[in-house]
Amino acid sequence: MKLVKRIANLGYGSRKDVAHLFREGRVTDAAGEVLYADDDVAHADIRIDGDPLDPASGLLLMLHKPLGYTCSTSDPGRIVYDLLPTRFRRRKPLLSTVGRLDRDTSGLLLMTDDGALLHRIIAPKTHLPKVYEATLARDLRGDEAALFASGTLMLEAEREPLAPASLEVLDARHARLTLIEGRYHQVRRMFAAVGNHVETLHRPRIGGLGLDTLGPGEWRLLDDNDRARLFAPPPPA
Ligand code: URA
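One numbering rule holds for all chains: residues counted from 1, following each sequence as written. Side-chain atom pairs in this predicted model are given and counted only at pLDDT of 80 or more, local residue features only at pLDDT of at least 70, and totals for whole chains, interfaces and linings cover all residues. Computation of side-chain values: all heavy atoms of the structure, hydrogens and water removed.

A. Main features of the overall build of the protein. The helix count covers DSSP runs of H or I at least four residues long, the strand count covers runs of E at least two residues long, and both are numbered beginning at the N terminus. When its secondary structure is counted, the protein shows six helices and twelve strands. Each principal axis of the C-alpha distribution contributes one length, and for the protein these read about 70 × 40 × 35 Å. For every residue, the accessible area (1.4 Å probe, protein chains only) is compared with the maximum for its type, and the residue is labelled buried under 20%, exposed over 50%, or partly exposed between those bounds. When the 237 residues of the protein are sorted by exposure, 44% land in the buried category. Residues are treated as being in contact if the distance between any of their heavy atoms lies within 4.5 Å. Residue pairs at least 24 apart in sequence account for 61% of intrachain contacts in the protein once pairs closer than 6 positions are excluded. Mean positive and mean negative side-chain charge positions of the protein (33 and 33 charges, respectively) differ by 4 Å. Charge assignment: positive for Lys and Arg, negative for Asp and Glu; neither His nor the chain ends contribute. In plain terms, the charge of a residue is placed at NZ if it is Lys, CZ if Arg, CG if Asp and CD if Glu.

Shown next as structure tokens:
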């Protein structure tokens, strides 16, 4: 793909805008030599105004989604894309959230422009555990773990029962729930199905990846080691 198009696809502007950057000598190589639109240069060697180019397509990042943000591109309120460089919203292929967290859920959100990778992460057959911590409005009854693990729980308006899920009771009103699927509002609906109500919900982990030191609103690109960790969760303690 031509350099101008490659750079335009990263959200730096239209092809015309990017051609303009070249004409102004703002696109250089790592040594500061001005590049021309028909040059053949490796991605890692390109600088714009001295800064390295954003990652090429195939990127995967993790964001610590704060409360109050939606996983939408069009909601008039706060959206997760507001927490990333504005350019990222204009990338082609599109940068999508890997599944969704509700506006009132915080925690680890993955985003990628790689459709096959996205599918692999969310597909139940991959069995990638998504871990949620819930604060509940009422005390747990005691039978929830068995019901959630049974693989027979049917949520309203669903055609298939939920896949078995594991519930760890932390105390009467706090629980950790591990799911391998991601149906609409699944955690809230599961607790509603047992007469409870989720007051706060946080996702600290997907597969072998945790938020580590990432504070609310912070994000970072994931490298090959992170990807390997994502798909190779540590065995349960
Ligand atoms: N389940 C929910 O109910 N909400 C989320 O945000 C994620 C899982």
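Continuing now.
B. Representation of the pairing of strand 6 (residues 105–112) in the model. Across the eight residues of strand 6, eight count as buried, placing the element largely inside the fold. By the bridge criterion, six bridges tie strand 4 (residues 60–65) to strand 6 in an arrangement that is antiparallel. What sits directly across from Leu60, in strand 6, is Thr112. Here, any two strands with at least 2 DSSP bridges between them count as paired. Here three bridges tie strand 6 to strand 10 (residues 198–206), and the two strands are oriented parallel to one another. Counted as the bridge partner of Thr105 is Leu201 from strand 10.

C. Broad picture of helix 3 (residues 115–122). Of all the positions in helix 3, only Leu117, Leu118 and Ile121 are classed as buried. Looking straight down helix 3, one finds its buried side chains confined to an arc of 100°; they lie on one side. Opposite its buried face, helix 3 presents the exposed residues Gly115 and Ala116, each directed more than 90 degrees away. Where the residues of helix 3 are buried, they touch strand 4, strand 5 (96–97), strand 6, strand 7 (130–136) and helix 6 (224–231). The N-capping residue of helix 3, defined by a side-chain oxygen 3.1 Å from the backbone nitrogen of Ala116, is Asp114. The arc in question is traced by the directions running from the helix axis to the C-beta atoms. For this analysis, a polar contact is any N or O atom pair within 3.5 Å, provided that within protein one partner can donate a hydrogen and the other can accept it, and provided that sequence-adjacent residues contribute only side-chain to side-chain pairs.

D. Spatial organisation of the sheet that holds strand 2 (residues 46–48). The strand order across the open sheet built from three strands is 1-2-3, with neighbouring strands paired in antiparallel fashion. For this open sheet the edge positions go to strand 1 (27–29) and strand 3 (51–52), each flanked by a neighbour on one side alone. Seen against the sheet, helix 1 (residues 3–12) touches strand 1, strand 2 and strand 3 and runs at an angle of roughly 55° to strand 2. In this analysis an axis means a line fitted to C-alpha atoms, helices contributing only their contacting stretch, and an angle means the value between N-to-C directions, from 0 to 180 degrees.

E. Quick look at the site of the ligand. The criterion for a residue being near a molecule or strand is simple. One of its heavy atoms has to lie within 4 Å of it. Every residue close to the ligand is listed here: Leu101, Asp102, Thr105, Tyr132, His185, Gln186, Val187, Arg188 and Leu201. Within the backbone of His185, a nitrogen or oxygen atom sits 3.2 Å from an oxygen atom of the ligand. One nitrogen or oxygen atom from the main chain of Gln186 is found 3.4 Å from a nitrogen atom belonging to the ligand. At three residues, the largest contribution of residues to the shell around the ligand is made by helix 5 (residues 186–193). Under the grouping applied here, Gly and all other residues not named as nonpolar or charged are polar, the nonpolar ones being Ala, Val, Leu, Ile, Met, Phe, Trp, Tyr, Cys and Pro and the charged ones Asp, Glu, Lys and Arg. For the shell around the ligand, a count of residues per class yields four nonpolar, three polar and two charged.

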